[in-house]
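Survey of secondary and tertiary structure
What follows is each chain in one-letter form.
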Amino acid sequence: MTTILGISGSLRKASFNTGLLRAAAGMMPEGATLEFGSIEGVPLYNGDDEAANGTPEAVARLRAQLEAADGLLLSTPEYNNGIPGVFKNAIDWMASGKGADAFKGKPVAVIGASPMAFGTVLAQDAWWPVLRTLGTRPWYEGRLMVGKAREKFDETGELKDADTQERLASFVEGFVAAI
Ligand code: FNR
């Protein structure tokens, strides 16, 4: 079984990016599964707190999920043409100290959704230097920018758009095949 850890960079209940991951989980090819990793409860990184108290539970859980996974799929929102702070903070926490080892050589792909036309292209591009620094194995063959998300998801964050569903299915199939 191929296990992909999917992490959404949004804390919003009806998040488009979390909805995109849920949709991906429902269309995984046979022999593959997508497990959700949540950034909920990850505190702001503070080296003093880490030295005094060690790794917070929410971070330890994400690290364990990453270690056990065969690949990593980030579903990123875009804030001010970049990576949302809460998402970068969670990955920084995960990669702190020995945590960085779990990223090394791990196949990774990035997708994202936003209500604007360009659908997170700049946030996705901003992730690559970070993921390169962590020593991941980037999967560049597929690209999935979901723009105009309000027309494609319902008010609870479920992906309804058939064309996007098709593109997402082809994306996850390609990523799983590459792994
Ligand atoms: C945004 N949003 C946004 N969208 C975009 O495509 N490009 C951008 O630069 C920004 N900038 C931005 C800044 C801030 C502070 C916020 C709060 C929002 C809109 C953003 O894409 C939208 O809120 C999405 O719904 C966020 O993703 P989730 O929470 O739906 O997954």
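Below or above, wherever it landed, is the structure these notes cover.

So, how was this worked out
Residues numbered from 1 in each chain as written. Predicted model: local features only at pLDDT ≥ 70, side-chain atom pairs only at ≥ 80, totals over all residues. Heavy atoms only, no water. Near = heavy atom within 4 Å. Polar contact = N/O pair within 3.5 Å; in protein donor to acceptor, adjacent residues only side chain to side chain. Areas by Shrake-Rupley, 256 points an atom, 1.4 Å probe, with all protein chains shown as cover. Nonpolar A, V, L, I, M, F, W, Y, C, P; charged D, E, K, R; others polar. Phe/Tyr/Trp six-rings, centres within 6.5 Å; stacked < 30°, edge-to-face > 60°. Helix = DSSP H or I, 4+ residues; strand = E, 2+ residues; numbered from the N terminus. Buried < 20%, exposed > 50% of the residue type's maximum accessible area, 1.4 Å probe, protein only.

Around the ligand, the structure places 13 residues, and the nearest of them are S10, R12, S15, N17 and N81. At a separation of 2.8 Å, an oxygen atom of the ligand approaches a polar side-chain atom of N17. Contact with the protein chains covers 74% of the free accessible surface of the ligand, which is 620 Å². Residue composition of the shell around the ligand, by class: five nonpolar, six polar and two charged.

With that settled, the discussion passes to the packing of aromatic side chains. Tallied over the full model, the rule gives six aromatic pairs. Centroid distance F87 to W127: 4.9 Å. Interplanar angle 70°. Geometry classified as edge-to-face. In this pair, F87 sits in helix α4 (residues 85-95) while W127 sits in helix α5 (residues 121-133), placing the two residues 40 residues apart along the sequence. Centre to centre, the rings of W128 and Y140 are 4.9 Å apart; their planes meet at 70°, and the pair counts as edge-to-face. Of this pair, W128 sits in helix α5 while Y140 sits in the loop between β5 (137-138) and β6 (145-146), placing them 12 residues apart in sequence. W128 sits in the buried class, given a relative accessible area of 15%. Members of the aromatic cluster, joined through ring pairs, are W139, F171 and F175.

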